[in-house]
Structures are given as structure tokens and as C-alpha cells.
Amino acid sequence: MFKAEIKSETLKGLVNIVSTLVDEVKFVVGSEGVSITAIDPAHIALISVSIDKDAFIFYEADGGNELGIDLDKFKNVLKLSSANDTIIMEYDEERNLLTLHIGNITRRMGLVDTMGMGDPRLPNVPFDSVVTLKAEHLLKGIRASEDISDFLRLSVQDSGFELSCEGDLDFASLKIEPSDLEELKCDGDSTCLYPIDYFSDVVKVIPSGTSVTLKMSSDLPVTLRFDLAEGKAEVVYFLAPRVENE
Amino acid sequence: MFKAEIKSETLKGLVNIVSTLVDEVKFVVGSEGVSITAIDPAHIALISVSIDKDAFIFYEADGGNELGIDLDKFKNVLKLSSANDTIIMEYDEERNLLTLHIGNITRRMGLVDTMGMGDPRLPNVPFDSVVTLKAEHLLKGIRASEDISDFLRLSVQDSGFELSCEGDLDFASLKIEPSDLEELKCDGDSTCLYPIDYFSDVVKVIPSGTSVTLKMSSDLPVTLRFDLAEGKAEVVYFLAPRVENE
Amino acid sequence: MFKAEIKSETLKGLVNIVSTLVDEVKFVVGSEGVSITAIDPAHIALISVSIDKDAFIFYEADGGNELGIDLDKFKNVLKLSSANDTIIMEYDEERNLLTLHIGNITRRMGLVDTMGMGDPRLPNVPFDSVVTLKAEHLLKGIRASEDISDFLRLSVQDSGFELSCEGDLDFASLKIEPSDLEELKCDGDSTCLYPIDYFSDVVKVIPSGTSVTLKMSSDLPVTLRFDLAEGKAEVVYFLAPRVENE
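A short tour of the structure in this document, coming up.

Conventions and cut-offs
- Residue numbering note: each chain is counted from 1, following its sequence as written.
- For this description, chains carry letters from A and ligands carry numbers from 1, given in the order in which they are written.
- Totals for whole chains, interfaces and linings use all residues, but because this is a predicted model, local features are given only for residues with pLDDT of at least 70 and pairs of side-chain atoms are given and counted only at 80 or more.
- As a convention, hydrogens and water are excluded, and side-chain values are obtained from all of the structure's heavy atoms.
- By definition in these notes, contact holds between two residues if any of their heavy atoms fall within 4.5 Å.
- Buried area: the accessible surface (1.4 Å probe) lost by two parts on joining, summed over both.
- Any carboxyl oxygen of Asp or Glu that lies within 4 Å of a side-chain nitrogen of Lys or Arg is treated as forming a salt bridge with it.
- Pairing of N or O atoms within 3.5 Å defines a polar contact, subject to two protein rules: one partner must be a possible hydrogen donor and the other a possible acceptor, and residues neighboring in sequence count only if both atoms are side-chain atoms.
- Comment: elements are numbered from the N terminus, with helices defined as DSSP H or I runs of at least four residues and strands as E runs of at least two.
- In this classification, the charged set is Asp, Glu, Lys and Arg, the nonpolar set is Ala, Val, Leu, Ile, Met, Phe, Trp, Tyr, Cys and Pro, and all remaining amino acids, among them Gly, are polar.
- DSSP calls a pair of strands paired once it identifies at least 2 bridges connecting them.
- Lines fitted to the C-alpha atoms define the axes, with helices restricted to the stretch that makes contact. Angles between their N-to-C directions range from 0 to 180 degrees.
- The copies were overlaid with a least-squares fit restricted to C-alpha atoms from residues scoring a pLDDT of at least 70 in each copy.
- Every patch collects residues that have over 30% relative accessible area and no salt bridge, joining them within 9 Å if they carry like charges and within 5 Å if they are nonpolar side chains (Val, Leu, Ile, Met, Phe, Trp, Tyr).
- Surface accessibility follows the Shrake-Rupley procedure with a 1.4 Å probe radius. Residue values consider only the protein chains on display as shielding.
- The charged-residue count follows a simple rule in which Lys and Arg add positive charge and Asp and Glu add negative charge, with His and chain termini not counted at all.
- To locate a charge, take NZ of a lysine, CZ of an arginine, CG of an aspartate or CD of a glutamate.

Below, the discussion takes up the interface of chain C and chain A. Contacts between chain C and chain A engage 12 residues on the former and 14 residues on the latter. Taken over both partners, the interface formed by chain C and chain A buries close to 1,100 Å², and the fraction arising from carbon and sulfur atoms is 41%. The interface formed by chain C and chain A contains 3 salt bridges. E166 of chain A is the partner of R108 of chain C in a salt bridge, and the nearest nitrogen-oxygen pair spans 3.6 Å. Our count for the contact surface shared by chain C and chain A stands at 9 residue pairs in polar contact (both at pLDDT 80 or more). Of all the secondary structure elements, the ones that give two or more residues to the side of chain C that touches chain A are α2 (71-78) and β9 (105-110) of chain C.

On the side of chain B, 14 residues touch chain A, which itself brings 12 residues to the contact. Both sides together, the interface formed by chain A and chain B hides about 1,100 Å², and carbon and sulfur atoms give 41% of it. Inspection of the region where chain A meets chain B yields 3 salt bridges. R107 of chain A is paired through a salt bridge with D170 of chain B; the nearest N and O atoms lie 3.1 Å apart. Counting across the interface, chain A meets chain B through 9 residue pairs in polar contact (both at pLDDT 80 or more). Among the secondary structure elements, those contributing two or more residues to the side of chain A that touches chain B are α2 (71-78) and β9 (105-110) of chain A. Of the residues forming the side of chain A that touches chain B, the biggest block, 6 residues, is contributed by β9 of chain A. For the side of chain A that touches chain B, the class distribution of residues is 4 nonpolar, 4 polar and 4 charged. Bridging between β9 of chain A and strand β13 (residues 171-176) of chain B involves 4 bridges; their strand directions are antiparallel. Across the sheet, the residue bridging to R107 of chain A is A172 of chain B, located in β13 of chain B.

With respect to topology, 9 strands assemble into an open sheet ordered β15(A)-β11(A)-β12(A)-β13(A)-β9(C)-β8(C)-β7(C)-β1(C)-β5(C), the strand pairing being antiparallel. The open sheet terminates on both sides in strands that have one partner only, identified here as β15 (190-195) of chain A together with β5 (58-61) of chain C. Within this sheet the neighbouring strands show an average axis-to-axis angle of 15°, counted without direction. Pairing between strand β7 (residues 86-92) of chain C and strand β8 (residues 97-102) of chain C: 5 bridges, direction antiparallel. Across the sheet, residue I88 of chain C finds its bridge partner in β8 of chain C, namely H101 of chain C. On the sheet, helix α1 (residues 8-18) of chain C packs against β1 (2-7) and β7 of chain C and is oriented at approximately 100° with respect to β1 of chain C. Lying over the sheet, α2 of chain C contacts β7, β8 and β9 of chain C, oriented at roughly 180° with respect to β9 of chain C.

Between chain A and chain B, which share one sequence, the superposing operator has a rotation angle of 120° and an axial displacement of 0.1 Å; the RMSD is 0.1 Å. Both copies are brought into coincidence by an operation consistent with a three-fold rotation axis.

Together, E60, D62, E93 and E94 of chain A give the surface a local cluster of negative charge. Examined against the element boundaries, E93 of chain A turns out to sit in the loop between β7 (86-92) and β8 (97-102).

Take a look at the structure:
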């Protein structure tokens, strides 16, 4: 049993983030909120979104449902709503259908099979460095690095945070001074290459003004963590480093 | 003999409507105005546009001319004008050329042969129900129905007007209460499926704020009727229902 | 040795103009400024851009460098800057690398080989007529002529300047009265056809409001001359006429 109402803006933001990684996903509906976990087909990144029931205007769930969502279809339906609209979702367990109400529009959707979708666990990755900064800094570093290499270097030192990218002759770097960072902890210099396309895909959908925390160590996955829905939803994103023997 | 001046905005609106159905069309220039009638190649829809001579700033015609217009070319020429520009059209009967003057631009166009273009008569379709509403309601119903099915259901009852669309599992519906309708007459419930692409093409080019009147009966063509050019041009659009044995 | 700072807007404008004609170009860095000369592969047009050192915020050059620039790559880097940003360019002669600094972004670029790039001389083309007018008039004439023919006719007479285009049946013309021209000298009527795609490409990137001077004679190349960077950069563009026996 699941029935809930949520601001269109909130739902759109969460769905956009998840759809950078997968086409179909499982909404695990618990009594305290909805959680979504997904790994991309190449197993390079893992995303986990936890939406607290307080992110909803109305939330009623007994906690036993898993909804298989086709994200493209879901996004198209969300486009029918304006920023200020609210969306009422109602799950018909018997027929495995989700009905969305947006104003005087009723939209019923067939759901996809969740059988093949696992329940990936969040890895516990150790880290030497922590940096918190506005998402727009990350975006700027990515844009400066485009067309140079497939990998982006993230480096944390006491002297600041750097995004850089190196090709045969070309090189791009964005250096962010400690004074422009919201947080900088560095128990050891960390530097590592990550696939720029994955990093770029997720950074591009983080709303401008959002504070993002990166935790990393040399040669280990980087963890990005940020809040959405005024702190009532949390996104954690793990991205594997470049494999050595490439 | 035909010479006329018209506001660019007016002419653009009328041409956009007709070009949803055909690529080439015949402007029948009468002494009291211009009429355009067209049937799409599949004979599923018929459009009739009547432009009163009062829709023109200046109008001089002896009533004997038929101008074969290539609508894409015509639309490209109209794009040279701004909203506040006027367009002077002048027909050279001897050489079958239409010259358009837009400010200090002169644009002469070769016309297409009108021999193969018939003179379709407007059918006299009986109807049980009449609904008048703003075009934006229709547009909203179409957008909610996209990607579900090729057919849109229109239903008129005393309780209101509904646009809906049903697929195997998916379903969309927009219900409009009598209080949001400008007119509702229902001498019998009417419900019928129409091809969504045709309906969508014409609704998308109706200016926002325009009142559209639909007349329909179950299993019969629907008639859409609306005014353009501040009431000095009238558009009537007939759309055939889904054929039963499809 | 070359180090200079320039407003992003200025550099973007100059690069856009040159890139209508070639993909790679040579920046000839002199002690008094930078000059760029390029001929398109088909030898139909020649462009020459002279940027005075006063167009730069800071300019230091000993005058012996030629920088081979990949214009697409250069334009992508310039996109990292906003209109009010400045760009610091620094040339590493030993490694043949150009480094651009845009705020806290550092972008190093490999340069292309300039060996195959000649030093085209500006031709000395005689002319009977001179016309100066705002670029937007030229743009309007081009837009009216699209899809009619591959050639645009330019005509200067005492009665004004005309851009026209003639197909089999179709014809377009934009006439500009002497009162709408900033300058009109006509020692003999001039009329000539030029390839519309070349003319269009360059006119489309001239900023609106720019005064453009055209010098021409019948059957000879036309010269376009205009200033950018508040008069501190000059562009001269030569375009060959239509070859007779086409």
C-alpha cells in the first residue's frame, strides 16, 4: 500500500539524478520513506537516493512495496507538471500499476519487472580527504576539461582542491582555494583519475547552489554526497577510479 | 486581379494552420475574401479557412483567381517579416507569379499548378454534443496522452468533457468540469477515438487563448471550429474517427 | 615571446569571424599587435584581421612568433569565459604551447604546425563604388534571398544599394535608399554576383550595429571592411565574383 503527494520540483530533481545511471530502477517504498539504489550496467558507479517521508506533502505506506519504474516514461509524465504543481502517486498493488494525479490529469503507468534488479549495498570506502564545495565549481572544472581526455584528475591538498585533465599536449586545470571551499580536511594528499563522463553526468544535474561533499583517497573510489529537497532527501554517489592497467 | 495588404501576424497564423495538413494548397481569391480548403493525402482530415476581406488592411480582387501556394516556401518568406510588419501581396495573372512586399523587401514567387487540386466540399456532419473551451485545455490533454496510443478518446457528457488515451497498461485522462468550459450542450453522451497525430498537429498551432468549439457524436467525425484574425477569419476542421476494424 | 591579456568578448568576436573561412590559422604576433590572414581552401575568399596592441589590456611581444591555432578547439576554450572575463594568453616557445588563463582555470593547448600556412598578400582590387551601411541591412538581404539561388547580386547605383537574388521564377530584392546608407560613392554603376554562402557566413557573425564598408566594381571581387574591438581591430574580407562560364 502506497499513496503519497510530493512537489513536482522535488520529484523531478531526484529522478533526474538517478536517470544519469540507469534506465529502469526500483523504488523501494518503506514506511519512513522511499529509497532508490542503482548500479550502472558497467559497474563503475553506484547511486543511492533516500527520500524521507517528510519530503512528501502526504505519505502513507505500509512498507512492503517495490515499484519498477521506467525512468524515461516517468520523466515524460513529470514534464506535464509545472514547478508549483504537486503530484499524487497511488500504487495499485494487485495490477502493479502506478497512478499519478497532476491537477485534472490522471496518468496510469504500467510498471516494469523488478525481479532482475538487485539490492546493491553501499560500499564502505575509506578516505583521506574531505572537500565540500558548491556544485558549480565542479561543473566549471568539467567544462574546462572537455575534449582533452576521458579521465578527470581530482586532487586534494592542504593548499586546496584541483580538478585537472591532461592529454598529450593539452592540459586544463581548475584550482579552488581553501577560502572558496566550505570544508577541507586533508589527512594525506589524495589524487586520483576518474572517468569524466560519469562524473560529468551526475554533476550536470545537481541543482546550482547545492553543497557537495567529496570524500576520496588516492586510487580509491570517490564518494559524492549531497542533499536535495531542502535536506529531506540525500544522494550518495560512488565512482570507481581509473583502473591501473588501462 | 488580386492585390491586398495584411498584417504579417494574421497571415502567418492562417498559413500555419493549413500547413499542418498539406504542403501545397489553393488560395481561392474571391471578391469578398480568400478561402482555402484542403484534404490531407490520406483523406482523414479536411480543413477550411475563410478569410474575410475585412481581415485585410487593403483588399482588391475581381474574384476570378486561384493561386497555387507552396506552403513551406510561403512560410519562409513570411519569416522575413516581424509581428508588426504588413505584407502586400500582388498577383501577376499573366506570368502566374505572386509578389510579396515586406518593407523594402520584394519577393516574387513562382506558383504551383492548381490543376490537380480539387474543391472539396465541407461535409454536413450531424452531432449530439457541443463543447467550447480554450485551446490550451486541448493541448494539455494531448500532451498527457503522448506515447500511450495512436488514438485519443474525446468524450462529452453532462458531467463534462474528457480527453483520454489508453494503452495496454498505461492510461491518461484530462477531465474538464462544466465550470471550465465556455459551452456544453449534450443531447446524448458522445465518445469516440480520433487519430492523435492529426488532432495534435492542428491544436498545437491554435494560438493560446483561442476559444475552440467541438461538435461530435459517437462514431462520427469531430468538427473543430475557431476564429482567427480577431474574428475576421474562420477555421473549420473535420477529423475522421478511428475506423472500426483496425 | 608573447604574453597578453584581452577581454573575452573581443577575442571571441575576432575568432568567430576568422573561423567562417578556415579551421586552422596562424596568429602572427608582432610587436605592435596580432595579425591573422586566411584564404579558404577553394580560394574564393580571403580574410585579414589586424588586432592592434591597444585592443589588449596588456600586451608584451618581441615580434617573432607565429602561433598555429585550431579554431574549433580555441573557440571551445573561449566558451569557458563569460562576457566580462579577461583571458591571459602566454606562449611557451620552446614547447610550442599556448596557455590561457581564465579566472582560476588554466588551459594549455598544443598548437598546430604553421609550415603549410602561407602568408597571403592582400590584393589591391580597384573599385567604382563604395557603400557603408549597418551589418543588419546585409543580413536582411541575405535572409530574403535564401533558397532562391546560390548567388547574390550586389548593385550600387546613385539611387541606392540593392541585394538581390534570382531563380527561374523566384526573385528577391532588398533595396536600401541613400538616406539609409552611411556612405554612397558611385563613380559608375556596379553590379555583380557573389556566392551567397560565403557572403552569408561572414555577415552572420558581424555584430549587429557594426558599420560595414563595401567596395566593388562590376565583375571584380568585393571588399568588405569593418572595425571590431571599438576600432582597435580591423577586418578586411575579399570575395571573388561568380565565374562567368558557370
